Amino acid sequence: MSQLSFKGHTVVITGAGGGLGKAYSLLYASRGANVVVNDVSQAAAQKVVDEITRAGGKAVVNTASVADGAAVIKTALDTFWWHHHSDQQCWNIERQGFQEHDGPRQGFGRIVNTASAAGLYGNFGQANYSSAKMGLVSFTKSLAAEGAKYGIKATAIAPVAASAMTETIMPPEMLANLKPEFVAPFVAAVTHPGGPEASGKVFEVGAGFVAEIRWERSKGIALKTDKSFTPSAVQEKWEQVGDFSEAEHPQSIPDFDAQAKLSLQSGLSSNAQSSPDIRFDGKTVIVTGAGSGLGRAFALMYARLGGNVVANDVNERSARAVVDEIIKAGGKAVAAVASAEDGEGIVKVALETFGGVHVLVANAGVVRANAFGSMTDKDWDDVIAVHLRGAYKCAKAVWPVFHKQKFGRIVTLGSQAGLYGLPGLVNYSTAKGAMIGLTRTMAIEGKKYNILSNMVIPSAGAAVGLGRGQSNVEAIKEDYIAPLVGFLTNPLAANGGHGFPVSRPLTPEAIIWKWGIITNFEDGRATNPSTTQESLEQIIGNFGNEEEDNGSSSSPYADQDDSQLVADAKKHVEDPVEFKYTERDVILYNLGIGATEKELQWTFESHDEFAALPTFGVIPQFMASGGISLDWLPNYNPAKLLHGEQFLSIKGPIPTSGEFINETRLMEVLDKGKAAAVTSIVETKDKATGKVVFENQSTVFIRGAGGFGGKRVGNDRGPASAANTPPQRKPDAVLEEKTLPIQAALYRLSGDYNPLHILPEFAAVGGFDRPILHGLCSFGIAGKHVLKSFGQFKDIKVRFAGVVYPGETLVTEMWKEGDKVLFTTKVKERGTTVLAAAAATLTDPSATLKAKL
Ligand SMILES: CCCCCCC[C@@H](O)CC(=O)SCCNC(=O)CCNC(=O)[C@H](O)C(C)(C)COP(=O)(O)OP(=O)(O)OC[C@H]1O[C@@H](n2cnc3c(N)ncnc32)[C@H](O)[C@@H]1OP(=O)(O)O
């Protein structure tokens with residue numbers, strides 16, 4: 001049985017002596033990779049290497065500290081360089097034109113960084129850990145952005161697995177669900193050369209639960225940028241700022257359309273103010289990096305609103321200039337000339353001058369842009385020091401004061417580079433990401449002492465170093481960021497994810513199979529955890545997931561001959577699945593089954609007879625039947641699944657757009673010895689009227705998943721299971737159609753994203769030397785042949801008897817027998833039958849033959 005292979009690949013795993021690292025090492029080694037087992041504990045690393053070598057794998061111990069990455073990688077190159085080159089099977093060599101001694105330029109690399117929910121949401125008592133972990137998320141995003149053109153992909157995961165940490169907070173029964181083996185397959189899947197596109201993305205993985213995490217941005221509001229743009233104006237609109245009903249989900253730094261923002265302004269009148277006005281009389285505000293740009297704008301605003309301003313900057317002249325400006329305007333201010341890292345010194349100035357401190361705006365920053373490959377340790381350290389360590393040291397210094405007075409406000413300045421990653425600024429985006437983790441944790445820890453922490457992320461043009469002070473575009477002046485300070489936050493959203501059963505091993509293939517679900521934020525699947533506790537809910541919810549009885553006791557499909565396994569599976573009630581479509585989806589489907597630009601009734605929405613081809617009836621239900629859980633089958637491997645049979649009954653006219661609801665049941669499960677044959681039934685109803693429009697019965701044939709002791713022969717399901725043996729005479733009609741090499745790539749877009757039809761590596765696991773055509777695509781083409789030859793039909797059934805490769809020619813032979821058309825479809829080039837036991841029942845049996853015989 002072939003599987004996703006890592007033969008010829010060298011995988012370096014840090015912290016590989018135990019837990020997750022060990023699970024990764026064993027999995028990669030079992031899939032043929034050379035593994036560098038790095039751990040500071042020589043004994044632990046050696047044990048893992050021994051285990052791998054005993055099983056016939058290749059691995060080497062490395063005990064360098066991760067702080068010395070170069071030493072870790074040297075071991076990889078010294079040990080496995082030669083293997084790399086001797087192994088002609090190696091994907092690197094074949095796919096990327098890997099050349100002798102061309103190591104650093106191999107044009108391929110996969111990086112997985114281990115983040116944590118503590119970073120994504122913040123976590124009490126873990127300000128340091130949250131910062132480091134969220135920093136890693138941004139680090140990953142920047143590496144992904146920068147690596148894209150070199151074939152380097154980076155993914156971050158927030159795993160939940162049993163560890164020394166979780167042991168203290170969870171009982172042993174729960175910990176049993178958190179096996180590292182439920183995380184490792186995900187890492188393998190996304191690092192495989194043919195794996196799914198996961199670069200720059202973040203995933204939560206644990207206990208067999210996998211979900212993508214993404215940023216969510218509220219639609220937001222536009223405020224008039226005149227004198228009325230004050231903190232009170234923001235307060236007045238605050239509810240709208242946090243209204244996520246029309247949220248966007250940017251994947252990279254959104255375009256800043258200054259012109260559009262400016263033209264918005266012309267339609268706005270002055271902003272309403274909340275009352276009483278927000279003012280800072282008697283409050284002392286520390287602004288770091290206050291000498292110029294944003295910091296200066298913050299300092300001036302606070303002074304205008306009555307605050308005592310401590311203007312910090314390393315640049316003495318600019319700090320003093322701001323103070324002078326404030327004093328000249330009648331305000332109160334003092335300069336604190338120091339690095340932002342000198343939090344204590346800055347707070348001391350505040351306490352000595354004004355007798356207190358109430359607000360900290362951690363704004364100081366430097367930029368050292370450099371391509372990641374050329375970035376020096378100094379570039380890295382300087383940026384991390386000023387942004388992250390500066391924010392930390394200042395917050396640390398104000399904290400006891402805030403704590404004691406039960407009041408404090410902290411705003412940290414973030415960056416879009418931190419949210420989305422940015423090439424050339426890996427250091428900066430990492431620091432800004434880390435500050436998100438820090439800010440969230442401070443918010444959690446400070447809450448009960450009335451210490452509020454928020455991050456403000458200025459829009460593109462105003463970000464530190466990205467045009468600050470140079471911009472003369474009205475819309476992005478620093479002054480227009482200032483009023484938002486203290487008000488804006490950026491919540492995260494996680495999607496509904498997918499829970500894999502924990503009662504059997506999880507495979508990388510299973511991850512790829514469910515990729516569509518894991519990354520789907522639509523259809524009401526998004527959840528919005530805002531704390532680590534909330535984020536753990538679904539993971540804990542998947543504990544003990546064995547696809548067991550969910551409480552419904554009687555199934556209309558219960559069958560006395562069923563084994564317990566099958567009887568239990570049938571009790572599972574699938575949730576109804578909605579399907580909404582437009583004319584565009586109809587055209588896409590018609591094209592997917594070979595309709596041409598000459599057949600305007602199928603490809604041009606304004607044609608008088610524009611219609612869906614009748615087999616479109618399998619599309620609205622596909623997500624429902626295709627999403628049915630089969631994980632409970634023994635040895636279930638999605639790459640071994642083939643479509644076996646399909647029956648479609650069309651109960652009414654097919655609208656060219658609509659909204660349907662699909663109700664799915666598992667109907668029959670047969671044990672074919674080596675294989676399992678599973679039939680589901682889906683009723684597709686019009687959402688508005690509740691009338692059934694289609695009924696589908698789909699059988700999937702899963703090779704290698706039999707032998708569970710179920711019944712072998714199915715029930716008589718009428719036309720859905722009829723043998724449909726054609727008569728002996730010559731066919732009454734024959735139609736021939738050559739499929740396109742891109743047929744499967746095109747058909748996928750109608751909703752069956754099974755990688756079997758596009759991804760060579762996945763097809764290989766299924767036993768095919770290239771991707772195969774969707775069964776339902778051949779089904780649609782044959783259905784079109786029946787339609788063209790004999791007219792409309794009200795039901796159609798086929799058995800998928802052999803595979804079709806995109807580009808092959810399909811020949812459909814048809815015999816009219818009463819109200820039925822029996823048919824067989826063959827691949828012309830190979831002479832094999834691909835659709836058998838097939839028939840359609842005509843709507844108007846008296847209709848005459850249409851096509852030429
Ligand atoms: C839930 C619905 C959602 C739909 C999800 C679909 C996802 C899609 O993306 C997947 C696809 O589109 S796959 C592409 C389309 N399908 C194919 O190409 C399969 C072609 N068929 C074959 O290769 C073989 O017939 C093969 C491999 C199927 C069987 O061949 P053999 O193993 O040689 O079997 P054989 O020895 O002939 O028979 C063994 C027993 O199995 C029954 N059987 C055979 N073909 C069957 C079929 N196509 N469907 C159902 N049952 C089938 C036989 O009757 C036999 O039963 P018994 O032992 O009781 O006599």
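Residues numbered from 1 in each chain as written. Predicted model: local features only at pLDDT ≥ 70, side-chain atom pairs only at ≥ 80, totals over all residues. Heavy atoms only, no water.

As recorded in an unreviewed UniProt entry, the protein goes by the name Peroxisomal hydratase-dehydrogenase-epimerase, listed as coming from Grifola frondosa. The UniProt entry for the protein carries this comment under Subcellular location (unreviewed entry): "Peroxisome". (UniProt positions renumbered as here; feature names shortened; annotations may be inferred.)

**Q** In this structure, what is going on with the overall build of the protein? I would like to understand it.
**A** Within the protein, the secondary structure is distributed over 28 helices and 25 strands. For the protein, buried positions account for 55% of its 853 residues. Considering only contacts in the protein between residues 6 or more positions apart, those separated by 24 or more positions represent 74%. (Helix = DSSP H or I, 4+ residues; strand = E, 2+ residues; numbered from the N terminus. Buried < 20%, exposed > 50% of the residue type's maximum accessible area, 1.4 Å probe, protein only. Contact = heavy atoms within 4.5 Å.)

**Q** Would you mind going over the confidence of the model for the protein with me for this structure?
**A** Residues with a pLDDT of 70 or more make up 87% of the protein, whose mean pLDDT is 85. A low-confidence stretch, residues 460-476 (pLDDT under 50), is modelled with 33 contacts involving residues beyond four sequence positions or located in other chains. (pLDDT = per-residue confidence, 0-100.)

**Q** Honestly, the packing of aromatic side chains in this entry has me stumped. Any pointers?
**A** Both the distance between ring centres and the angle between the ring planes are used here to describe each pair of aromatic rings. This model, assessed by the stated rule, comprises eleven aromatic pairs. A centroid spacing of 5.6 Å and a plane angle of 45° characterise the contact between Y581 and F660, whose relative ring orientation is tilted. On the criterion of sequence distance, the pair formed by Y581 in strand β16 (residues 577-581) and F660 in strand β18 (residues 658-671) is long-range, its members being 79 residues apart. Residue F660 is classed as buried on the basis of its relative accessible area of 1%. On the basis of an interplanar angle of 75° and a centroid distance of 5.5 Å, the ring pair of Y589 and F616 is categorised as edge-to-face. With Y589 in helix α23 (residues 583-592) and F616 in the loop between α24 (600-603) and α25 (622-626), this pair connects stretches of sequence that are 27 residues apart. Exposure class is identical for Y589 and F616. Each is buried. (Phe/Tyr/Trp six-rings, centres within 6.5 Å; stacked < 30°, edge-to-face > 60°.)

**Q** Explanation requested: the pattern of salt bridges in the structure shown.
**A** When charged atoms on two side chains of opposite charge get close, those side chains can pair. Throughout the structure, instances matching the rule amount to 30 salt bridges. Taking the shortest distance from any N to any O, the salt bridge between E248 and R217 comes out at 2.7 Å. In this pair, E248 sits in the loop between α11 (238-241) and α12 (258-266) while R217 sits in the loop between β7 (209-215) and α10 (231-236), placing the two residues 31 residues apart along the sequence. A relative accessible area of 30% means that R217 is categorised as partly exposed. Across the salt bridge formed by D382 and R368, the nearest N and O atoms sit 3.4 Å from each other. Note that D382 is positioned in helix α16 (residues 377-405) and R368 in the loop between β11 (359-362) and α16, a separation of 14 residues in sequence. A relative accessible area of 32% places R368 in the partly exposed class. (Salt bridge = Lys/Arg side-chain N within 4 Å of Asp/Glu carboxyl O.)

**Q** In this structure, what is going on with the site of the ligand? I would like to understand it.
**A** Taken together, 26 residues surround the ligand, and among them K672, R712, D752, H757 and F800 come closest. Measuring from a nitrogen atom of the ligand, one finds a backbone N or O atom of H643 at 3.0 Å. Here an oxygen atom of the ligand and a side-chain polar atom of N754 are 3.0 Å apart. Taken by itself the ligand offers 1,200 Å² of open surface, and the protein chains cover 74% of this. Where the shell around the ligand is concerned, the elements lending two or more residues are α25, β17 (641-650), β20 (692-703) and β22 (793-800). Among the elements that take part in the shell around the ligand, β17 stands out by supplying five residues, more than any other. A per-class count over the shell around the ligand returns ten nonpolar, eleven polar and five charged. Both domain 4 (550-581 + 612-711) and domain 5 (719-853) contribute no fewer than three residues apiece to the shell around the ligand. (Near = heavy atom within 4 Å. Polar contact = N/O pair within 3.5 Å; in protein donor to acceptor, adjacent residues only side chain to side chain. Areas by Shrake-Rupley, 256 points an atom, 1.4 Å probe, with all protein chains shown as cover. Nonpolar A, V, L, I, M, F, W, Y, C, P; charged D, E, K, R; others polar. Domains from an automatic or database assignment.)

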